[in-house]
Structures are given as structure tokens and as C-alpha cells.
Amino acid sequence: MSAIDFSDPATIAVLADALTAAGVGGIEISRPGGNLRLVISAVGGVQVSTTGNARPGLAVIPAVTVKAPMAGRFCPSYPSAPIEIEHRPRTVSEQDVIGFIRIGSVLLPIPAGRSGLLSKRLTEPDALVGFGDPLFEIEPHS
């Protein structure tokens, strides 16, 4: 078995995706040649720091998935809007409301949670979603 190349941006991106999917907040890997530290947060995305023979600054920061904060019906736009306006990809800030969860007559706004490019809607309008179901994907600004 060969050693994992932690200086490879693709390897770091795959590792960050796996950690995000598993709900892990971060990992630190120490080896004789250097250290790799990945910290994953809903607000800040993925932060990568390296020391030693790893090449900092080359890591690919993966897109962040915005997940449902609770169960309900997914509304990608305000329900009384005549038509959902598809403006993707579009730039969003962390405070922007990018959709809603409807529970009866109550609407729970879904904030973007981070600045970036709203690139994908991952759930169909009016679908029943549960806590943690993926709704949108936000890519970091390049």
C-alpha cells in the first residue's frame, strides 16, 4: 500500500468532502514530513493549514452544502411569488435568505450561512425534507 500524498489538492478535497458528509468538524494528521489540519465549519467552510512538505495554498476548497434545519416542505423562493426565479449561479452573502422550510402556515427562512456562489439546488420545490437533508450547494468565491 502506498502512502497518501497530503500535498495533492484532489486528495485534500476528497478528505474534506468525506469529513463534511460524516459531520466531522475537522482532523489533524501529523507525519514525520509535516502536518495537515482541516477544520470544517458551517460558517467558514473548510480551512486548510499545512506544515512541512505539504504545499499550502494549493488545496481545493469544496462547495458547502446548505442543509435543512428541520423537517417540513422545501420552498426555494417565497411561496406567494408567482414563479420561482432561477438565478443560479448567483452570488450570495452569509445573511442572504436562499429558501424556506414551510411547516403548515409558518415559514422558516434558510440563510446561506456563507458567502459564495449559489450553484445548485439539490431538492425539488415542495418536497418533504427532514433535518439535515441537502438543499443547496454554495461554492467559494474564486
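Trainee: Would you take a moment to explain the side chain of E137 for this structure?
Mentor: Counting through the fold element by element, E137 comes out in strand β11 (residues 134-139). A relative accessible area of 16% places E137 in the buried class. With residues near it in sequence (within four places) discarded, E137 still touches A63, V64, L117, L118, S119, K120 and L122.

Trainee: Which parts of the structure should I look at to understand the packing of aromatic side chains?
Mentor: Each aromatic ring pair is described using two quantities: the centre-to-centre distance and the angle formed by the ring planes. Scanning the model with the defined rule gives 1 aromatic pair in all. Between the aromatic rings of F74 and F136, the centroid separation amounts to 5.5 Å while the plane-to-plane angle is 65°, which identifies the pairing as edge-to-face. Of this pair, F74 sits in strand β5 (residues 72-75) while F136 sits in strand β11, placing them 62 residues apart in sequence. No difference in accessibility class separates F74 from F136, as the two residues are buried.

Trainee: Could you clarify how one ought to interpret unusual backbone geometry in this entry?
Mentor: Among all residues except glycine, the phi angle is most often negative; among peptide bonds, the trans geometry is most common. The backbone of D126 sits at a positive phi, close to 65°, despite the residue not being glycine. Secondary-structure assignment places D126 in the loop between β9 (116-121) and β10 (128-129). Among the residues examined, D126 registers a relative accessible area of 42% and is labelled partly exposed.

Trainee: In this structure, what is going on with the confidence of the model for the chain? I would like to understand it.
Mentor: Detailed reading of the predicted coordinates is not advisable wherever pLDDT is low. In the predicted model, the chain carries a mean pLDDT of 76, and 68% of its residues have values of at least 70. No element of the chain has a lower mean pLDDT than strand β3 (residues 45-52), which averages 60, and none a higher one than β10, which averages 94. This model gives residues 55-59 a pLDDT under 50, and the stretch forms 9 contacts once residues within four places in sequence are excluded.

Trainee: Even after reading the chapter, I still don't get the sheet that holds strand β4 (residues 64-67), so can you show me in this structure?
Mentor: Backbone-to-backbone hydrogen bonds pair the strands of a sheet. The strands run either parallel or antiparallel. Reading across the sheet, the 4 strands line up as β4-β11-β9-β6 and stay open at both edges, with antiparallel pairing between neighbours. Looking at which strands have only one partner, the edges of the open sheet turn out to be β4 and β6 (90-92). Adjacent strand axes in the sheet meet at a mean angle of 40°, parallel and antiparallel pairs treated alike. Looking at chain direction, β9 and β11 are connected through 4 bridges and run antiparallel. Residue R121 lies in a different strand from β11, and its bridge partner there is F136.

About the criteria used
- Residues numbered from 1 in each chain as written.
- Predicted model: local features only at pLDDT ≥ 70, side-chain atom pairs only at ≥ 80, totals over all residues.
- Heavy atoms only, no water.
- Helix = DSSP H or I, 4+ residues; strand = E, 2+ residues; numbered from the N terminus.
- Buried < 20%, exposed > 50% of the residue type's maximum accessible area, 1.4 Å probe, protein only.
- Contact = heavy atoms within 4.5 Å.
- Phe/Tyr/Trp six-rings, centres within 6.5 Å; stacked < 30°, edge-to-face > 60°.
- pLDDT = per-residue confidence, 0-100.
- Pairing = 2+ DSSP bridges.
- Axes fitted to C-alpha atoms, helices over the stretch in contact; angles between N-to-C directions.

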